[in-house]
Structures are given as C-alpha cells and as structure tokens.
Amino acid sequence: MAKEETKKEEKVVLVKGSPEWRKAKQDARAELDARTNAVRQA
Amino acid sequence: MSTTQDARKKFTMAKAQENLYALNVANIISDVDTTKMGTVYNPYASTATISNVAHTSNTYTVGTYAIDADSLQINRKAIASEIVGSYDELSMDLGIIENRGMEFGAGISQTIDGYVLNLPVVTSGVDTLDDGDFAGTPGNPKTSSNSVIDDIINVGVQEIELGNAYDRKFLVVSSYESTDLKGYLQSTGNQVADEIIRNGFQSKVKSIGTTFSGVDVYQSNNITQTVVLGLATNPTDGDTITFAGVTITFVATLSGGASEVHIASTVDITRANLVEWLNADGASAEAEATDTGYSAASTTDKATLSRLGIVATNDNSGNTATITSNGVVRVSEDLTDATDTWGTPYRYLVLGEYGFMNLYLPSVGMDYEEKPVSGTDGKEAFMRQFYNATIWSKKKTRGLAIKVN
C-alpha cells in the first residue's frame, strides 16, 4: 500500500506536443509570471 | 593613399556619422552636449526659495540655494571594428568598406539608444509606474492594449506634470505599444488619428515624432525588456531556446555547431552555464567536461547579442534565469519538459519632458579610421564614440518608466 502511494507522487511525464503538455506549458507560464511579480512586489 | 581612396574614406566617414545621429532616438529626446569630454558637473541647482507675505516692514528673508555635487565622467565608449580583406573589398560590388562604416554608425547609434533608454529603469529616484498605478496589482506590468494605451499615456503624463514637467513631452514605445496606439486611433477614427493611420510611427528619427495629446511618440526597439526563463528540469538532448532570433541548443555532447550548451550534471549548473554564455553575448567558448562546455554563437548571432547589453542572472532557488536586455526581442522555446518555459516578457516605456536625461556625445570622441594590419592583405575599419548619459538629481521627477507587457 505504502509503495502505491509513493508511486502516485512521482512526476508524470507528459508526451511532448500533446494537448496535456501544451496546457501544462500554459499553466507553467502563468505560474512563472505570478511568481516573478510576487518577487518584484516584495 | 590615392586621391580616390581618400575621397572614398571621407564619404564613408560622412555616411557613418550620418547614421550615428540620424537613427538615434536618444539624440532627439535628451539634452545633448557634444562639446564636453572628461568630467562634467551637475548643471542644475535647486529651485529658488520665494518669500510670499503681506507687506508689514521693509525686511525680508534671504533664501539659500543648493547644488548637488554630482559629477559624471564621459568614460563609456561604443566601438565597432572589423578587418576587411583586400580581395573582398575589390571583388564585391557592395563597396564593403562603405557598408561596414554605415553599419558601424547604425550599430553604435542603437547601442547608445539602448543605454540611454535604460537609464530611467536603473536610476534611483526615478519612478516606475506599474499595474498598481492603474488600479491593478502593484508590481505587475500594466497590460497594454488598444483600449488602455490612452490611459497609460494620460496617467504617465499626470505623474510627471505633478513633478513640474511642464515642457513638451515625449514617449518611447516598442512596436507592441505603437500597434496598440495605432489601433486605438484607428478605432476612434478622429482627425488626430489621420497622420498615423496614413504614415505610421517614426522609427528612424529624422524629424519630430507623432503626437498624442501633446506627447511626441517615438517607436524604438531599444527600450529595456526583462524576461524570465523557468528551467527546473535538465533539458533533453536537442532541446532549444530562442532569444532575439538566436537559437541555443542544449546538447549531451558538443557537436561543433554554434550556440550549443552542454547539459551538465544538474539543471542548476546547466542554467548557470547558459547565463554565463548570455552574459558574454555568446562570444565565448568553453571546453566540455561534466559540468562545463558551450560553443560560441555564429558571427551574425554574436553581432545581434553584442548590441543588447544583456544582463542575465541565475536563481537556483527559483529555478529561473532572468534576462534583461536593452532591446525588445522575441523569445521562444522547444523544451521537452512540460513545465519549463519562458514567462511573459515585460518592457519599460520611457515618458518624460524633453531633456530630462542628459546625453554627452562629444564630437571629438568620435573617430573613424582605416588601419593597415601587419601581415594581412586588408585593413581594419574602426569606429569609436565616447559617450555617457545621466539623469541629474533635479530632473528625476521630470520623467519615468512605465512597466508594461
């Protein structure tokens, strides 16, 4: 059981160019922008 | 040197100088001094104290003035130098020496523009407006569009007018904001728009720019841009990023191609090596080992990067590289990892009263030479301009930067 939980936490490697991969890129950009702006505000 | 060669050299010098000044936005918007070399001292004193009272006696209060002890050494220099082989010179229709002279003038001009337009961003005491000044989130860039560009200009003007900037004003924007402004004016369709709808914006400054509500608007790709690259996972062999049209390839083993960065043992080291490469304008190569190795950019790409005044910083805790350039450039990436990407680039527009920045561009500091090169059948074309620029203390409220994306 413990072994299964560890498995779930592993990073999912998305297929390059897939819709999920594109969505992840978009989300990453938004997250990066938010993080950059937060640093500048501090 | 024959009479023909002498005449050609004079022609080249004249064309080079013409390009140096004609393409330069900084030369138009700044208070330009072409006479001084060495050290200059702050030319501005404090405002006068005024006694404003009802008359009750013949006495009055004597005020005092203050002059900041600022000084500026004109010790920056922009240099372009290349060796032109005699065979190339004689066999090409192009007139390669003349061509290089003109390119030198244009390149130096753009470099000085980038330096001057960056001053409001980096000078302490000069305000930077951001989204917070437009009822948004402080720190965020203000997102420009054809429906808010008028607001951006109006609020900026209001800010500097409150700092007593009453003289004629200018705004330097990138192509993105000039598109927004054109869109705004086209959609309003009133008379003020006609000139821009017909002619577009001035980008080669040979006369006054286009006016919006009393502000002369110039378009320049040399305003300051910052962009953040998120790189938290070591790239896959063959992954690329592109900055200013220069494609950098991450490779497991250097292949001998240009602009390759070796994938190191950790992403932090790979990112640090990339930052090192960028800060050297892609001009350096480093021998390959486990945690080192990159190759120089191509000649064309090195020239592109050399003009941008790139300052790149690595942040291991944030897994980012931040790249600031004296120029608006495009970025793209082809990184396998789904969460590694560029952030949205943001730019700094420059708004101010004419002359709020002082540019020192001494005539004696410009030189153009064609030097013989020992052991080489050719000559070195060389051009140099000493310069420096500053925003003196008294002028700091007369202009500002506006952070936009």
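Residues numbered from 1 in each chain as written. Chains lettered and ligands numbered in written order. Predicted model: local features only at pLDDT ≥ 70, side-chain atom pairs only at ≥ 80, totals over all residues. Heavy atoms only, no water.

J.: What am I meant to see in the packing of aromatic side chains here?
T.: Each aromatic ring pair is summarised here by two numbers: the centre-to-centre distance and the angle between the ring planes. Residue and element names in this part refer to chain B. For the structure shown, the criterion picks out six aromatic pairs over all chains. Ring geometry for Tyr346 and Tyr348: centres 6.1 Å apart, planes at 75°, overall edge-to-face. Here Tyr346 falls in the buried class, since its relative accessible area comes to 3%. Given a relative accessible area of 5%, Tyr348 falls into the buried group. Within the aromatic cluster, the residues linked to one another by ring pairs are Phe170, Tyr354 and Phe356. Taking NZ or CZ as reference, Lys371 lies 4.2 Å from the ring centre of Phe382, over its face. Above the plane of the ring of Tyr346 lies Lys403, whose end atom (NZ or CZ) is 4.6 Å from the centre. (Phe/Tyr/Trp six-rings, centres within 6.5 Å; stacked < 30°, edge-to-face > 60°. Buried < 20%, exposed > 50% of the residue type's maximum accessible area, 1.4 Å probe, protein only. Lys NZ or Arg CZ within 6 Å of the ring centre and 35° of its normal.)

J.: Help me understand the layout of surface pockets in this model?
T.: Where empty space is left can be seen by rolling a probe of water-molecule size over the atoms. Residues and elements named next belong to chain B. By volume, the largest pocket is sized at about 680 Å³. Contributing elements (two or more residues each) for the lining of the largest pocket: strand S4 (76-85), helix H4 (96-122) and helix H9 (299-306). Ranked by residues supplied to the lining of the largest pocket, first place goes to H4 with nine residues. Class assignment for the residues of the lining of the largest pocket results in nine nonpolar, 10 polar and seven charged. (1 Å grid on protein atoms, 1.4 Å probe; cavity = no way out; pocket = protein on both sides within 12 Å on 5 of 7 lines; lining within 4 Å. Points joined across faces, edges and corners; volume = space filled by probe spheres on them. Helix = DSSP H or I, 4+ residues; strand = E, 2+ residues; numbered from the N terminus. Nonpolar A, V, L, I, M, F, W, Y, C, P; charged D, E, K, R; others polar.)

J.: What should I look at first to understand the side chain of Asn326(B) in this one?
T.: Secondary-structure assignment places Asn326(B) in the loop between strand S16 (320-325) and strand S17 (331-334). Once residues within four sequence positions are removed from consideration, Asn326(B) is found in contact with Gly114(B), Tyr115(B), Asn118(B), Asn222(B), Ile223(B), Thr224(B), Leu308(B) and Gly309(B). (Contact = heavy atoms within 4.5 Å.)

J.: Looking at this model, I keep getting lost on the environment of Ala16(B). Mind explaining?
T.: Residues and elements named next belong to chain B. Take Ala16: it is sitting in helix H1 (residues 3-22). Sequence separation of Ala16 and Val173 is 157 residues, and the distance between their C-alpha atoms is 26 Å. Ala16 has contacts with Gly101, Met102, Gly105 and Met383, leaving out every residue within four places of it along the chain.

J.: Teacher, can you tell me more about the pattern of salt bridges here?
T.: When charged atoms on two side chains of opposite charge get close, those side chains can pair. One pass over the structure, following the stated rule, counts 14 salt bridges over all chains. Across the pair Lys379(B) and Glu89(B) runs a salt bridge whose closest N-O atoms are separated by 3.9 Å. With a gap of 290 residues between them, Lys379(B) in strand S22 (residues 378-390) and Glu89(B) in helix H3 (residues 86-91) connect regions that are remote in the sequence. You can call Lys379(B) buried: its relative accessible area is 16%. In this structure, a network of salt bridges that share partners links the residues Lys16(A), Asp239(B) and Asp334(B). (Salt bridge = Lys/Arg side-chain N within 4 Å of Asp/Glu carboxyl O.)

J.: I'm lost on the environment of Ala287(B) in this one. Help?
T.: All names here are of chain B. Within the secondary structure, Ala287 is located in strand S13 (residues 286-289). On the basis of relative accessible area, Ala287 is assigned to the exposed category, the value being 62%. Separated by 52 residues in the primary sequence, Ala287 and Thr339 place their C-alpha atoms 30 Å from one another. Those residues in contact with Ala287 that lie beyond four places of it in its chain are Thr292 and Gly293.

J.: Could you clarify how one ought to interpret the interface of chain A and chain B in this entry?
T.: Size of an interface, as often reported, equals the accessible area lost when the parts are brought together. At the interface, 15 residues of chain A touch 28 residues of chain B. Buried area between chain A and chain B, both sides added, is near 1,600 Å², and the carbon and sulfur share of it is 45%. If you look at where chain A meets chain B, you find three salt bridges. The shortest N-O distance in the salt bridge between Asp239(B) and Lys16(A) comes to 3.9 Å. At the boundary of chain A with chain B, the tally comes to 11 residue pairs in polar contact (both at pLDDT 80 or more). The residue makeup of the side of chain A that touches chain B, split by class, is five nonpolar, three polar and seven charged. (Buried area = accessible area lost by both parts, 1.4 Å probe. Polar contact = N/O pair within 3.5 Å; in protein donor to acceptor, adjacent residues only side chain to side chain.)

J.: Whenever I open this one, the nonpolar core confuses me. Can you help?
T.: A general trend in soluble globular proteins is that nonpolar side chains are found buried together. Residues Met357(B) and Ile402(B) are the most contacted members of the largest nonpolar core, which totals 57 residues. Counting residues in hydrophobic clusters, the runner-up holds 28 residues, among them Phe243(B), Ala244(B), Ala321(B) and Trp342(B). (Core = buried A, V, L, I, M, F, W, Y, C linked by side-chain atoms within 4.5 Å.)

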